[in-house]
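Residue-level structure breakdown
Listed here are the chains, written in short residue letters.
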Amino acid sequence: VHVASAVDCCTKQYDISQAKAYYLIHNDVEDCWKVINEQCLKSNDISKFVLDCVVNLARMSVVSCENHQDKFTNGELLKEFVSSLLMDPIRLNEHE
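This one's a predicted model, so the numbers in the text were calculated from it and none came from an experiment.

Comments concerning the side chain of Thr11
- Assignment of secondary structure puts Thr11 in helix H1 (residues 6-14).
- In this structure the side chain of Thr11 is engaged in a polar contact, spanning 2.8 Å, whose partner is the backbone oxygen of Asp8.
- Thr11 has contacts with Ile16, Ser17, Gln18 and Ala21, leaving out every residue within four places of it along the chain.

Concerning unusual backbone geometry
- Phi is positive for Asp15, which is not a glycine, with a value near 55°.
- Within the element layout of this structure, Asp15 appears in the loop between H1 and helix H2 (18-42).

Some words on the packing of H1 against H2
- At their nearest, the axes of H1 and H2 sit 9 Å apart, and the two run at 110° to each other. With respect to H2, the axis of H1 lies roughly perpendicular. Read as a crossing pair, H1 and H2 show a hand that is right-handed. On H2, the residues that touch Ala6, Val7, Asp8, Cys10 and Thr11 of H1 are Gln18, Ala21, Tyr22, Leu24 and Ile25.
- Split by residue class, the contact of H1 with H2 holds seven nonpolar, two polar and one charged.

Criteria and cut-off values
Note that residues are indexed from 1 along each chain, following the sequence as it is written. Totals for whole chains, interfaces and linings use every residue, but because this is a predicted model, local features are given only for residues with pLDDT of at least 70 and side-chain atom pairs only at 80 or more, for both listing and counting. Only hydrogens and water are removed before side-chain values are computed, so all heavy atoms of the structure are retained for them. In this description a helix means any DSSP run of H or I spanning at least four residues, a strand means any run of E spanning at least two, and both kinds are numbered starting from the N terminus. By the criterion applied in these results, polar contacts are pairs of N or O atoms within 3.5 Å in which, for protein atoms, one can donate a hydrogen and the other can accept it, and in which residues neighboring in sequence qualify only through two side-chain atoms. Two residues form a contact once any of their heavy atoms are found within 4.5 Å. Geometry is summarised by axes, namely lines fitted to C-alpha atoms with helices restricted to the contacting stretch, and by angles between N-to-C directions that run from 0 to 180 degrees. Oblique is the label for any angle not under 35 degrees, not over 145, and not in the 65 to 115 range, which are roughly parallel, roughly antiparallel and roughly perpendicular in turn. Definitions for this section: a left-handed crossing has its near helix turned counterclockwise from the far helix by less than a right angle. A right-handed crossing has that turn clockwise. Three classes are used: nonpolar for Ala, Val, Leu, Ile, Met, Phe, Trp, Tyr, Cys and Pro, charged for Asp, Glu, Lys and Arg, and polar for all others, with Gly counted as polar.

Fair warning: the whole summary comes from geometry, so function is off the table for now.
Take a look at the structure:
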């Protein structure tokens, strides 16, 4: 079953090349990061848990589309990334 990616949809909707679609999507992601960071700094009425979920989802979308590869639709491209997280986790010191 073929599932259309964001790049596929963008190329068809705007009749542009894949490279141009990746460029447009990348710019949208950059703009969204600015909004997310601004809202995280301003927000006092939204719990940190909810903000963390939003930020983590945004981080995943960046990973799944980096290097002009659609890792969301083609999960094989994420295999090495996920394996490295599970096999070689980064330990962070958490202060309680």
